[in-house]
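Structural features, examined
Residue-level listing of the chains:
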Amino acid sequence: MIYLLKKFNKYFLKNKKSKYLILGSFTFFFIKGLIWLGIFLFAGFNLINFN
């Protein structure tokens, strides 16, 4: 597993474009997850306080 990670780092993280691609995709899915978490929390609290 560590060998594959080192090979990935050598091959893919050489240039800046690939680093920005990985960082951008991580931040995109992180923010997307936070938005969905907020939607589910908002809907859940509205269902609890519906009575």
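Below, the structure is looked at part by part. For clarity, every value in this text was computed on a predicted model and none was experimentally measured.

About the criteria used
Along each chain, residues carry numbers from 1 onward, in the same order as the chain's sequence is written. Given that the model is predicted, a residue must reach a pLDDT of at least 70 before its local features are reported, and side-chain atom pairs must reach 80 or more before they are shown or counted; all residues, however, enter totals for whole chains, interfaces and linings. To obtain the side-chain values, all non-hydrogen atoms of the structure were used and water was disregarded. Secondary structure elements are defined from DSSP: runs of H or I of at least 4 residues count as helices, runs of E of at least 2 residues count as strands, and each element is numbered from the N terminus. For the radius of gyration, the atoms used are the C-alpha atoms, and the globule rule reads 2.2 Å times the number of residues raised to 0.38. Working definition of accessibility: Shrake-Rupley area with a 1.4 Å probe, residue cover restricted to the visible protein chains. Patch criteria: residues need more than 30% relative accessible area and no salt bridge. Like-charged residues are merged within 9 Å; nonpolar side chains of Val, Leu, Ile, Met, Phe, Trp and Tyr are merged within 5 Å. Any carboxyl oxygen of Asp or Glu that lies within 4 Å of a side-chain nitrogen of Lys or Arg is treated as forming a salt bridge with it. Buried means the residue's accessible area, taken with a 1.4 Å probe over protein chains only, is under 20% of the maximum for its type, while exposed means over 50%, and partly exposed covers the values in between. A pair of Phe, Tyr and Trp rings is counted when the ring centres sit within 6.5 Å of each other, with Trp represented by its six-membered ring. The angle between the planes then sorts it: under 30 degrees is stacked, over 60 is edge-to-face, the rest tilted.

1. Examining the overall build of the protein
When helices and strands are counted, the protein shows two helices and zero strands. Relative to its length of 51 residues, the protein is extended, with a C-alpha radius of gyration of 19 Å against a globular reference of 10 Å. The dimensions of the protein, computed from C-alpha atoms along their principal axes, are 60 × 25 × 5 Å. Roughly 5,400 Å² of accessible area belongs to the protein as shown, and the carbon and sulfur atoms make up 76% of that amount.

2. What about a nonpolar patch on the surface?
Together, Phe 26, Phe 30, Ile 31, Leu 34, Ile 35, Trp 36, Leu 37, Ile 39, Phe 40, Leu 41, Phe 45 and Ile 48 line one region of the surface with nonpolar side chains, adding up to about 1,300 Å² of accessible area. Checked against the element boundaries, Ile 31 lands in helix α2 (residues 16–48). The exposure class of Ile 31 is partly exposed, given its relative accessible area of 49%.

3. Quick word on the environment of Gly 38
Note on placement: Gly 38 falls in helix α2. Classification of Gly 38 as partly exposed rests on a relative accessible area of 36%. Taking the C-alpha atoms as reference, Gly 38 lies 29 Å from Lys 19; in sequence the two are 19 residues apart.

4. Let's talk about the packing of aromatic side chains
Considering all chains together, one arrives at three aromatic pairs under this definition. Centroid distance Phe 26 to Phe 30: 6.0 Å. Interplanar angle 15 degrees. Geometry classified as stacked. Of this pair, Phe 26 and Phe 30 both sit in helix α2, four residues apart, which is roughly one turn of the helix. Residue class for Phe 26 comes out exposed when judged on its relative accessible area of 55%.

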